[in-house]
Amino acid sequence: MSDAASAACTPPEAPSTATRPIKPTLPAKPPCLDAKGGCPGWEAYSYNDAIKAYNVEIAAFRPKLEAYIQALTNYVKASNEYAQCEVKIFQ
């Protein structure tokens, strides 16, 4: 195997785990929500506000997740191309 042939195959670089987005945590459902009498107004409103905030966080999370998935997909494709390049060296 020549150095020139192996230099033609460039190993891909995996996306950094530092760029992996962290999924927001769904707010805990108050136990009174399932109770027969329901929740007191303030607790229901607090939970509703927490869900609204969660929905905003999820909306911001989605594009970051999609970008990370695309980076992973690109890495898989580049890995396959690299492997094929390495195999061709020995053919």
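Okay, so let's go over this structure.

What counts and how
- Residues numbered from 1 in each chain as written.
- Predicted model: local features only at pLDDT ≥ 70, side-chain atom pairs only at ≥ 80, totals over all residues.
- Heavy atoms only, no water.
- Helix = DSSP H or I, 4+ residues; strand = E, 2+ residues; numbered from the N terminus.
- Rg over C-alpha atoms; globule rule 2.2 N^0.38 Å.
- Buried < 20%, exposed > 50% of the residue type's maximum accessible area, 1.4 Å probe, protein only.
- Disulfide = S-S within 2.5 Å.
- Contact = heavy atoms within 4.5 Å.
- Expected span 1.5 Å × (residues − 1).
- Bend = angle between axes of the 7 residues up to and from the residue.

## Brief notes about the overall build of the protein
So, step 1. When its secondary structure is counted, the protein shows two helices and zero strands.
So, step 2. A compact globule built from 91 residues would reach a C-alpha radius of gyration of about 12 Å, whereas the protein, at 24 Å, exceeds it by more than 25%.
So, step 3. Along the longest, intermediate and shortest principal axes, the C-alpha atoms of the protein span 75 × 20 × 15 Å.
So, step 4. Here the protein holds 91 residues, and the buried ones make up 14% of them.

## Section: the state of the cysteines
So, step 1. Scanning the entire structure with this criterion turns up two disulfides.
So, step 2. Here Cys9 engages in a disulfide with Cys85; their sulfurs sit 2.0 Å apart. Taking the sign of the torsion about the S-S bond as the criterion, the disulfide between Cys9 and Cys85, at about -90°, is left-handed. Here the residue Cys9 occupies a position in the loop between helix 1 (3-8) and helix 2 (41-89), and Cys85 occupies one in helix 2, the gap between them amounting to 76 residues.

## So, the environment of Pro24
So, step 1. With respect to the secondary-structure elements, Pro24 resides in the loop between helix 1 and helix 2.
So, step 2. Classification of Pro24 as buried rests on a relative accessible area of 15%.
So, step 3. Distance from Pro24 to Val56, taken between C-alpha atoms, is 9.8 Å for residues 32 residues apart in sequence.
So, step 4. When neighbours within four sequence positions are excluded, Pro24 is seen to be in contact with Tyr54, Glu57, Ile58 and Phe61.

## Brief notes about helix 2
So, step 1. Taking 1.5 Å per residue as the helical rise, helix 2 with its 49 residues ought to reach 72 Å, and the 71 Å between its terminal C-alpha atoms agrees with that figure.
So, step 2. Considering bend angle alone, the principal kink of helix 2 is centred on Phe61 and spans about 25°; proline Pro63 follows within four residues of it.
So, step 3. Turning to helix 2, its buried residues number three or more, namely Tyr47, Tyr54, Ile58, Phe61 and Tyr68.

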